[in-house]
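Given next are the chains, with one letter for each unit.
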Amino acid sequence: DDEAVARVQRVAELGAQVLIGQKSEILPVAYARQLEPYMTEAEFKAASDASPVAANMLRQLKKLLDEFESLRVVSSRAMAAWSATGCFD
């Protein structure tokens, strides 16, 4: 039913948003004090933003989300919003 679909979409879209927000699968999610001897917070941010792994992960995520959209696991509205930000480019 529509209520069950909406519940599944909320959970799936939240999980996808977390992955999109992280932009990387191998770098830590947030700067931590343990990194201080090795890099500054600005260097960490620059490395996270420039990571080729991040771009590859997002391309793969887009393929999965396209499939999820066809199955109504994520909504077309969410896909359009993510695509409009350019996060999959």
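Residues numbered from 1 in each chain as written. Predicted model: local features only at pLDDT ≥ 70, side-chain atom pairs only at ≥ 80, totals over all residues. Heavy atoms only, no water.

Colleague: Looking at this model, I keep getting lost on the confidence of the model for the protein chain. Mind explaining?
Modeller: The predicted coordinates of low-pLDDT regions are not to be read in fine detail. Averaged over every residue, the pLDDT of the protein chain is 84; residues scoring 70 or more account for 88%. Looking across the protein chain, the model is least confident in helix H2 (residues 41–50), with a mean pLDDT of 79, and most confident in helix H4 (residues 76–85), with 92. (pLDDT = per-residue confidence, 0-100. Helix = DSSP H or I, 4+ residues; strand = E, 2+ residues; numbered from the N terminus.)

Colleague: What is the right way to look at unusual backbone geometry in this model?
Modeller: Comment: phi is negative for the bulk of residues other than glycine, and the bulk of peptide bonds are trans. Positive phi is not limited to glycine here, since Arg72 has a value of about 65°. The residue Arg72 is located in the loop between helix H3 (52–70) and H4 in this model. Arg72 sits in the partly exposed class, given a relative accessible area of 47%. (Buried < 20%, exposed > 50% of the residue type's maximum accessible area, 1.4 Å probe, protein only.)

Colleague: Any chance you could explain the environment of Ala30 here in plain terms?
Modeller: Counting through the fold element by element, Ala30 comes out in the loop between helix H1 (2–22) and H2. For Ala30 and Phe44, which are 14 residues apart along the polypeptide, the C-alpha to C-alpha distance reads 8.7 Å.

Colleague: Whenever I open this one, H4 confuses me. Can you help?
Modeller: The α-helix winds at 3.6 residues per turn, so residues separated by three or four positions along the chain end up facing the same way. Every buried residue belonging to H4 is among Ala78, Met79 and Trp82, and all of these are buried. End-on, the buried residues of H4 take up no more than an arc of 100°, which puts them together on one face. Summarising the geometry of H4, the exposed residues directed more than 90 degrees from the buried face are Arg77 and Ala84. The first or second residue beyond H4 is Gly86, which carries a positive phi of 80°. (Arc of directions from axis to C-beta.)

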